[in-house]
Amino acid sequence: MGRRDPAARRAGRGADRQQAPAAAAAPSVNTVLGGDAVLRAADIDVGHARERRRQRRLARVAVVLWVLCGFAWYRVLTGRSVNPLAGLSLGPEAVFWLPLLLLVLLLGIVTLLPLVGQGRSPHLLYRPEQIDVTLDDVKGLDAVRDEVVKTLNLFLGYATFRDQLGGNPRRGILFEGLPGTGKTHMAKAMARHAGVPFLFVSATSFQSMWYGMTARKIRSFFRALRKLAREEGGAIGFIEEIDAIGTSRGGVDGVAATPATASGGPGGRRVEASISSGTGGMVNELLVQLQSFDVPAFGERAWGRVIDWLNGYLPLDHQLHKPPPRYNNILVIAATNRADALDPALLRPGRFDRKLYFDLPNKDGRRELIDYFLVRKAHHPELDDPLRREELAHLTFGYTPVMIEHLLDEALIWGLRSGRDAMRWVDVSQAKLSEEIGLKQPVTYTPLEKEMVATHEAGHAVAAYLSGVGRRLEVLSIIKRKDALGLLAHNDTEERWTRTRSELEAFLRIACAGMAAEELWFGESTTGPGGDLVGATNIAAQMVGALGMANSLVSYVAMEEGLNDRNVVARVLSDTEGREKVDRILKEAKAAAKEQLDGNRLLVEALRDALIEREELIGDEIVEVLRLAEADLPAPPTGPPSGLLPNRPAPPAPAVEDEGAPATQ
Ligand SMILES: Nc1ncnc2c1ncn2[C@@H]1O[C@H](COP(=O)(O)OP(=O)(O)OP(=O)(O)O)[C@@H](O)[C@H]1O
Ligand SMILES: [Mg+2]
């Protein structure tokens, strides 16, 4: 029903034009299509439709009042009481039958009430004035915001778009993105600006234990949308986590229908299709309802039936004309974290044909978010320093907006715990460490263990210092956190999206440096490097099987696997040749790291001693120790030529190297 019959549309337009109060008031086409600020609902088609509806409602109230007045006037003129119930009496026998009647009524209500509630639409209705989120509160999502503003303007100026340009207004948008990227937040802002009722529903609330009740609830939801759209000139429905009712129906058809959407990998689609068929009925109902926006209202249907009945008695050339169904201005927004799992039929044009991807914010976006959140959170003036804020934006690479907000909340708690009434930079650092790695769990190491852990971490840090051009050493610690006995956190100095081969090799050297240091100073390694080897194997397997960096351009990612789909690491390691290549790369990295540390023993020892003394070094403290030690060196430190380009940032490599727990190795 997204595309109506052109003849019907022409007729519909005619009908709408007759009702339109002032065609001159219609906005220019350009305004409707291209404006970058949201139009005011009252000034445009939605407002006009609401005004027409209001006038009709007033007329209806006037008619009812006139009838009541006429009735009362008639009763007064005929000498009777104005109250029509006056003089009615139940009689003395009511003592016997009235309690019985009430009991039967009560039993009926108790039996039927649960069923009555079951079929109702589970939505929550919000009016724009109840929502306090505006588009200005949505930060770091500029591209999505522009698209949303355009969609809203089209929604508000639907009649202009339809009648002047002959377009089909957008009926559904899908918000896709990681949890906490602002999908619900954006939908609220849209509802606030659209100035129409906003029906919020969580997809899981459609589910019911009664057979057929889920489909009924979906129907009720769309009926409520249509009703409100008729009354208010438009309505927005928001279905949260639509994958709960909209996953692929599965079966052969589901697979066959997906070639265009197979970007997630044909294997993945097939697996999904073969295990998720439980939502089939709901998906079908959803598909039908997403086409039902122009279903006539009850009154229109009844009137249509009267016309049909009359036409049965009229000759063909004198048949009465049945009005076309009225256009209901409805926009349905659905949000999901898993758009690839949705049924392809839901995504075809006319349904959720516009997908908006809510990506992780980039550095500028994160800076905007930090500024926005800090306005409301008590903080020390040092956090107002633009350099500090830039640094925080940099350090929160990969964070979603909600993670940034949570980090600042945690920092506030750290501040309060330390007896302050506002957060400081040190609180933010602590909160970040405890969020990413875990809370400190200080344990008492034996002196030898302490030296070993400190040597291991110092090895990592020196390798990162020497190989990691363009990297910043952030934290070096030998305090136990979760299952890490110590850690080195290092990060890019700038936001990065790609890596060179020599950078990956440098990451491998840094990862293997802990083990190399243990072997150099203690003659053997401990259980500590277990965690490092996991990360290093991951990088090496990617180099072999996905990035063509090991004398072969064959990609293991292209292999199509069945139900037991494996990641690229598993694919590479299960292949003898691939495994050998990975092993060779790792051994070479370790040998290089060992050579590097052996040539810079003084640096490792200086850092080890500082760690044993202070347990944790933050940021510049690490570099200070290294620079002091360098000053004592006879010549500048040498190492294998670093392939790292200066000033570049991040994907596959872990930002944090930590030491695996002995117990798990
Ligand atoms: N772009 C943003 N600007 C400002 N605040 C944001 C933004 N995105 C998210 N937030 C904050 O994060 C909170 C959670 O975001 P939201 O509920 O919109 O995430 P979501 O994408 O819907 O997640 P989910 O997929 O889990 O439903 C919001 O209440 C808001 O405080
Ligand atoms: Mg949400």
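Residues numbered from 1 in each chain as written. Chains lettered and ligands numbered in written order. Predicted model: local features only at pLDDT ≥ 70, side-chain atom pairs only at ≥ 80, totals over all residues.

Engineer: Quick question: what am I supposed to make of the environment of Val332 here?
Structural biologist: When you line up the elements, Val332 lands in strand 5 (residues 330-336). When the C-alpha atoms of Val332 and Ile173 are compared, they prove to be 6.5 Å apart, with 159 residues separating the residues in sequence. Non-local contacts of Val332, meaning those with residues more than four positions away in its chain, are made with Arg171, Gly172, Gly237, Ile239 and Leu290. (Helix = DSSP H or I, 4+ residues; strand = E, 2+ residues; numbered from the N terminus. Contact = placed C-beta atoms within 7 Å.)

Engineer: Explain the pairing of strand 8 (residues 487-492) here, please?
Structural biologist: Both faces of the sheet carry side chains from a regular strand, because those side chains alternate between them. Burial within strand 8 is extensive, with five of its six residues counted as buried. Sheet analysis places strand 7 (residues 471-477) next to strand 8, joined by six bridges and oriented antiparallel. Its bridge partner lying in strand 8, Leu473 is registered against His490. (Buried ≥ 20, exposed ≤ 12 C-beta atoms within 10 Å, placed from the backbone. Pairing = 2+ DSSP bridges.)

Engineer: Would you take a moment to explain unusual backbone geometry for this structure?
Structural biologist: A negative phi holds for most residues other than glycine; trans holds for most peptide bonds. A positive phi angle, near 60°, is found at Asn551, a position not held by glycine. The topology assignment puts Asn551 in the loop between helix 20 (530-545) and helix 21 (568-573). Notably, Glu615 is not glycine yet its phi reads approximately 70°, a positive angle. Topologically, Glu615 is positioned in the loop between helix 23 (601-614) and strand 9 (616-618).

Engineer: How do you make sense of the sheet that holds strand 1 (residues 124-126) when you look at a structure like this?
Structural biologist: Note: strands within a sheet are paired through backbone hydrogen bonds, in either parallel or antiparallel orientation. The six strands are arranged 1-3-4-5-2-6 in an open sheet whose pairing can be described as mixed. Looking along the sheet, the strands with just one partner apiece sit at the ends: strand 1 and strand 6 (354-358). Strand-to-strand twist in this sheet, taken as the mean axis angle between neighbours without regard to direction, amounts to 20°. Relative to strand 5, strand 2 (residues 172-177) is paired through five bridges, and the arrangement is parallel. (Axes fitted to C-alpha atoms, helices over the stretch in contact; angles between N-to-C directions.)

Engineer: How should I be thinking about the nonpolar core in this particular structure?
Structural biologist: Inside soluble globular proteins, nonpolar side chains tend to come together where they are buried. Of all hydrophobic cores here, the largest spans 60 residues; its most connected members are Phe175, Met186, Met190, Ile236, Phe238 and Ile333. Broken down by element, this core gets its largest block of residues, seven residues, from helix 8 (residues 213-232). Not counting residues up to four positions away in its chain, the partners in contact with Met190 are Val148, Leu152 and Ile236. One finds Leu488, Leu504, Ala536 and Ala629 within the second-largest nonpolar core, a separate group that totals 59 residues. (Core = buried A, V, L, I, M, F, W, Y, C linked by C-beta atoms within 7 Å.)

Engineer: How do you make sense of the packing of helix 20 against helix 22 (residues 576-598) when you look at a structure like this?
Structural biologist: Where helix 20 meets helix 22, the closest approach of the two axes is 9 Å, and the angle between their N-to-C directions is 125°. As summarised for this structure, helix 20 and helix 22 are arranged oblique, according to the angle between their axes. The crossing of helix 20 and helix 22 is right-handed. Every residue of helix 22 that contacts helix 20 at Ala536, Thr537, Ala540, Ala541, Met543, Val544 and Gly545 is listed here: Gly578, Lys581, Val582, Ile585, Leu586 and Ala589. Partitioning the contact of helix 20 with helix 22 into residue classes produces nine nonpolar, three polar and one charged. (Parallel < 35°, antiparallel > 145°, perpendicular 65-115°, else oblique. Left-handed = near helix turned anticlockwise from the far one by under 90°. Nonpolar A, V, L, I, M, F, W, Y, C, P; charged D, E, K, R; others polar.)

Engineer: I keep staring at the packing of helix 18 (residues 447-467) against helix 22 and nothing clicks. Help me out?
Structural biologist: Between two packed helices, the angle of one axis relative to the other and the distance separating the axes together describe the packing. Helix 22 packs onto helix 18 with a crossing angle of 90° between their chain directions and a minimal axis gap of 10 Å. The angle between the axes of helix 18 and helix 22 places the two elements in the roughly perpendicular class. On helix 22, the residues touching Gly459, Val462, Ala463 and Leu466 of helix 18 are Ala593, Gln596 and Leu597. For the contact of helix 18 with helix 22, the class distribution of residues is five nonpolar, two polar and no charged.

Engineer: Is there a simple way to explain the confidence of the model for the chain in this structure?
Structural biologist: Low-pLDDT portions of the prediction should not be read for the details of their coordinates. When pLDDT is averaged along the chain, the result is 80; 84% of the residues meet or exceed 70. This model gives residues 1-25 a pLDDT under 50, and the stretch forms 26 contacts once residues within four places in sequence are excluded. Here residues 659-665 is modelled with pLDDT under 50, and outside its nearest four sequence neighbours on either side it reaches 26 contacts, counting other chains as well. (pLDDT = per-residue confidence, 0-100.)

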